[in-house]
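This is what each chain is made of:
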Amino acid sequence: MPDIWFQTFAAALGSMAFGIVYNVKRKRLLTVALGGGIGWFLYCIFFRISGSGFISNMGASMFATGYSELMARKRKAPAVVFLLPCLIPLVPGGGLYYSMSYAVLKDFSRCNAYAVSTGEAAFGIAAGIIMVSAAVRFICLRYVK
């Protein structure tokens, strides 16, 4: 369990670093770091419960999207300013790297295993974003005038 706290802290720092790269204003960097850290923490919890990369990424990206929409309204900025750095810890870069590496080495069984898990993670992230964004848009169009 202590490992999850270190990972959460590292994810928060990583989100903050990408916030700096994306030119997020200094006063919003802590908000971005908090979102990335909490998102990664939720990913770890969901993964321990379900064992599924898809469900873990979907749940964490649903949180990140909802958090970004909320912070966008509170901090008066576009949601994408918060969403992109918050999602950085969830991006399955390692899986993509290994699937390409094994493809080059012509080890197609390992390539396929990594490609499937990477696809599940990417699809989970996309599904979480779409579900929350659609719900927020529906609520805003329906109830906020």
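Residues numbered from 1 in each chain as written. Predicted model: local features only at pLDDT ≥ 70, side-chain atom pairs only at ≥ 80, totals over all residues. Heavy atoms only, no water.

**What about the packing of aromatic side chains?**
Next up, step 1: Counted according to the given criterion, the structure contains nine aromatic pairs.
Next up, step 2: With a centroid separation of 5.1 Å and 20° between ring planes, the pair formed by W5 and F41 is classed as stacked. Residue W5 is found in helix 1 (residues 2–21), and its partner F41 is found in helix 2 (residues 26–50); the two are separated by 36 residues along the sequence.
Next up, step 3: Taken together, a centroid distance of 5.7 Å and an interplanar angle of 25° make the contact between Y102 and Y114 stacked. Residue Y102 is located in helix 5 (residues 93–104), and its partner Y114 is located in helix 6 (residues 108–143); the two are separated by 12 residues in the primary sequence.
Next up, step 4: For Y114, a relative accessible area of 31% translates into the label partly exposed. (Phe/Tyr/Trp six-rings, centres within 6.5 Å; stacked < 30°, edge-to-face > 60°. Helix = DSSP H or I, 4+ residues; strand = E, 2+ residues; numbered from the N terminus. Buried < 20%, exposed > 50% of the residue type's maximum accessible area, 1.4 Å probe, protein only.)

**Details of a nonpolar patch on the surface**
Next up, step 1: A cluster of nonpolar side chains, F18, V21, Y22, V80 and L84, forms an exposed patch at the surface whose accessible area comes to about 450 Å².
Next up, step 2: Mapped onto the nonpolar patch, the elements with two or more residues apiece are helix 1 and helix 4 (79–87).
Next up, step 3: In this structure, V21 sits in helix 1.
Next up, step 4: Overall, the relative accessible area of 59% leaves V21 in the exposed class. (Patch = residues over 30% accessible without salt bridge, like charges linked within 9 Å, V, L, I, M, F, W, Y side chains within 5 Å. Areas by Shrake-Rupley, 256 points an atom, 1.4 Å probe, with all protein chains shown as cover. Salt bridge = Lys/Arg side-chain N within 4 Å of Asp/Glu carboxyl O.)

Function cannot be read off these values alone, since they describe shape.
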